[in-house]
Amino acid sequence: MLLQHVLRQEASQLSVCEAMESFGRGLQVSSKWLKIAGGAKAEVLQSAMAITPAGGLTLELGSYCGFSALHLARSRVVTIEADLGHALIAQKVIEHAK
């Protein structure tokens, strides 16, 4: 459901991140949630990237659906994800956001 929602959005980093956050807010109505670093947590990631040299290397442990990796995209991101399903969704989300 998340991937389908994201792929219907404009192919840009900002629109994909916004789509993922709005999808998560929609889940809250039914007492469900989407485990992403949205809102204030996304601001922390953005602040960290602001002081990181452009083109540097960032290691992410666990990609889930690729939301954090999109916020880390100022650098080259290497992600280690144990769950193949999560890795495939994250790959599609990130490819769509480029």
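Here, every reference points to the structure presented above.
Heads up: these notes are all about the structure in this document. (Residues numbered from 1 in each chain as written. Predicted model: local features only at pLDDT ≥ 70, side-chain atom pairs only at ≥ 80, totals over all residues. Heavy atoms only, no water.)

Description of the side chain of Ser63
Point 1. For Ser63, the location among the structural elements is in the loop between strand E1 (57-61) and helix H4 (67-71).
Point 2. Discounting residues that sit within four places of it in the chain, Ser63 has contacts with Thr79, Ile80, Glu81, His86, Ala87 and Ala90. (Helix = DSSP H or I, 4+ residues; strand = E, 2+ residues; numbered from the N terminus. Contact = heavy atoms within 4.5 Å.)

A closer look at the side chain of Ser12
Point 1. Among the secondary structure elements, Ser12 is positioned in the loop between helix H1 (2-7) and helix H2 (13-28).
Point 2. Apart from the residues within four sequence positions on either side, Ser12 is in contact with His96 and Ala97.

Some words on helix H3 (residues 40-50)
Point 1. Along H3, the residues that are buried comprise Ala42, Leu45 and Met49. Buried residues of H3 fall within an arc of 55° about the axis and therefore sit on the same side. For H3, exposure combined with an orientation more than 90 degrees from the buried face picks out Ala40, Glu43, Val44 and Ala50.
Point 2. On its buried face, H3 is in contact with E1 and H4. (Buried < 20%, exposed > 50% of the residue type's maximum accessible area, 1.4 Å probe, protein only. Arc of directions from axis to C-beta.)

Considerations on a nonpolar patch on the surface
Point 1. On the surface, Leu57, Leu59, Leu61, Val78 and Ile80 cluster together into a nonpolar patch covering about 530 Å² of accessible area.
Point 2. Counting residues per element, the ones that place at least two in the nonpolar patch are E1 and strand E2 (76-80).
Point 3. Per-element accounting of the nonpolar patch gives the leading share, three residues, to E1.
Point 4. Mapped onto the elements of the fold, Val78 is located in strand E2. (Patch = residues over 30% accessible without salt bridge, like charges linked within 9 Å, V, L, I, M, F, W, Y side chains within 5 Å. Areas by Shrake-Rupley, 256 points an atom, 1.4 Å probe, with all protein chains shown as cover. Salt bridge = Lys/Arg side-chain N within 4 Å of Asp/Glu carboxyl O.)

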